[in-house]
Amino acid sequence: MSQTKTQVKPELISLEQVREAQFRLNSVVMHSPLMLNHNLSERYQCKVFLKREDLQVVRSYKIRGAYNKMACMSKSELQNGIVCASAGNHAQGVAYACQKLGVDGIIFMPTPTPRQKIRQVKMFGKDRIEVRLIGDTYDDSQREALLFAEKENKSFIHPFNDENVIIGQATVGMEIMEDAQEPIDYLFLPVGGGGLAAGVGSVFRQLSPKTTVVGIEPEGAPSMKASLDRGELVKLDRIERFVDGAAVKQVGDKTFSICQDVLDEMITIHEGLICSTILRLYNEEAIVVEPAGAMSIAALELFADKIKGKTVVCVVSGSNNDITRTEEIRERSLLYEKLKHYFIIRFPQRSGALREFVTEVMGPGDDITHFEYSKKNSREKGPALIGIELQRPEDFEPLIQRMKDKNFIYEYINDRPDLFRYLI
């Protein structure tokens, strides 16, 4: 695609800086493919291209920003060692950069970080890095990392709120522009702290200003959307951490300032839809993505009417998914698709009550996937927590009607978050 010169706003990353970063990253980062996906294109009646950053050596785009930042530091700064805080992809990017540049690094990670991620960080950093597990959350780890860096006079490598990190992430956008064979109508970008969106958005605002650039956050951590809606930085009190690669309480002031100029729309995606997308990509495409990596593709569902006949690019940001989360991902997907339902049911304490429920209330395709029964000898009825998986969402109402017809007393808890979180 041809590149046209456009006047650059002071807040935007310059194209010259991005090209310099490309040269700097040439021997470290793969020029990831921009792949036409036939199944998605057919489903949404448009051309859907996937920018496969999940294929990087550290399985995410984070190596770009981490390496570019460190490669721009002075020799004395590097010799003194670096510090970072991360629960996942940034830590792996920094670790790999330390190993490639011969720099010693200390990486702070939250104590609950899965061992698989810790092993990956150590594998990429080899003998150049030390992992310190501190705090219950990323915010705890970052606070300790900043204090340590200041005390030891070491450089802190921020995961997103740093100009050279943003410039490194912007190389994703430059590669898309170089590979695109036709104008791009929509670009979908996952947003965590905003580094990728700020960088890639800057490139598109200058080289493809007619492209609609859409940022995507999980519903449980809408820090960028809240800030853009308010016109100022907002720090969320609480966030849902399931989409760990995009769950931050506050985006950076630098990334926020740029995203104000480069994002045309900012949306949130339900975590259940993200889970359904992860499973569909694995089953239909043999593509393994982490929750944050699936957000750009999940967004297609919300834009189905707008993107018909258009050319669309989705940035697949990473594939560092922990296999131990598979059951949780499936559960969240089933709940979102209205195929999994939980009830507290009071069974009469008489012989055959459960058999009657299974044979006369359950439908032919229904399946009990969860059952906890508490018998109270001093009462006539005992409560049971039951999870039922349906084949189709429309099977739900007939199930409810049969329970009423057979006089089974129940409480539906899917829409009772207080009970649901406690019991399930």
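Residues numbered from 1 in each chain as written. Predicted model: local features only at pLDDT ≥ 70, side-chain atom pairs only at ≥ 80, totals over all residues. Heavy atoms only, no water.

## Structural notes on the confidence of the model for the protein
As a general rule, the predicted coordinates of low-pLDDT regions are not to be interpreted in detail.
Moving on, step 1. Chain-level pLDDT for the protein is 92 on average; 95% of the residues reach the 70-or-more range.
Moving on, step 2. Note that residues 1-8 has pLDDT below 50 and, in this model, 14 contacts with residues that lie over four places away or in other chains. (pLDDT = per-residue confidence, 0-100. Contact = heavy atoms within 4.5 Å.)

## What about unusual backbone geometry?
Moving on, step 1. For Gln45, which is not glycine, the phi torsion reads 55° and is therefore positive.
Moving on, step 2. As for its placement among the helices and strands, Gln45 is situated in the loop between α2 (38-44) and β2 (47-52).
Moving on, step 3. Residue classification places Gln45 among the exposed residues on the basis of a relative accessible area of 53%.
Moving on, step 4. Positive phi, normally seen in glycine, also occurs at Ala286, with a value near 60°. (Helix = DSSP H or I, 4+ residues; strand = E, 2+ residues; numbered from the N terminus. Buried < 20%, exposed > 50% of the residue type's maximum accessible area, 1.4 Å probe, protein only.)

## So, the pattern of salt bridges
Moving on, step 1. Scanning the entire structure with this criterion turns up 25 salt bridges.
Moving on, step 2. Between Arg332 and Glu328 there is a salt bridge, with its nearest N and O atoms 3.2 Å apart. Of this pair, Arg332 and Glu328 both sit in helix α14 (residues 326-336), separated by four residues, roughly a single helical turn.
Moving on, step 3. One connected set of salt bridges, linked through shared partners, spans Lys51, Glu53, Arg64 and Glu175. (Salt bridge = Lys/Arg side-chain N within 4 Å of Asp/Glu carboxyl O.)

## Structural notes on the pairing of strand β8 (residues 212-218)
Moving on, step 1. Counting buried residues along β8, six of its seven residues qualify, which places the element largely inside the surrounding structure.
Moving on, step 2. Here five bridges tie strand β7 (residues 186-190) to β8, and the two strands are oriented parallel to one another. Bridging from a neighbouring strand, Leu187 pairs with Val213 of β8.
Moving on, step 3. Tracing the backbone out of β7, into helix α9 (residues 195-207) and back to the parallel element β8 gives a crossover that is right-handed. (Pairing = 2+ DSSP bridges. Right-handed = clockwise from strand over helix to strand, strands pointing away.)

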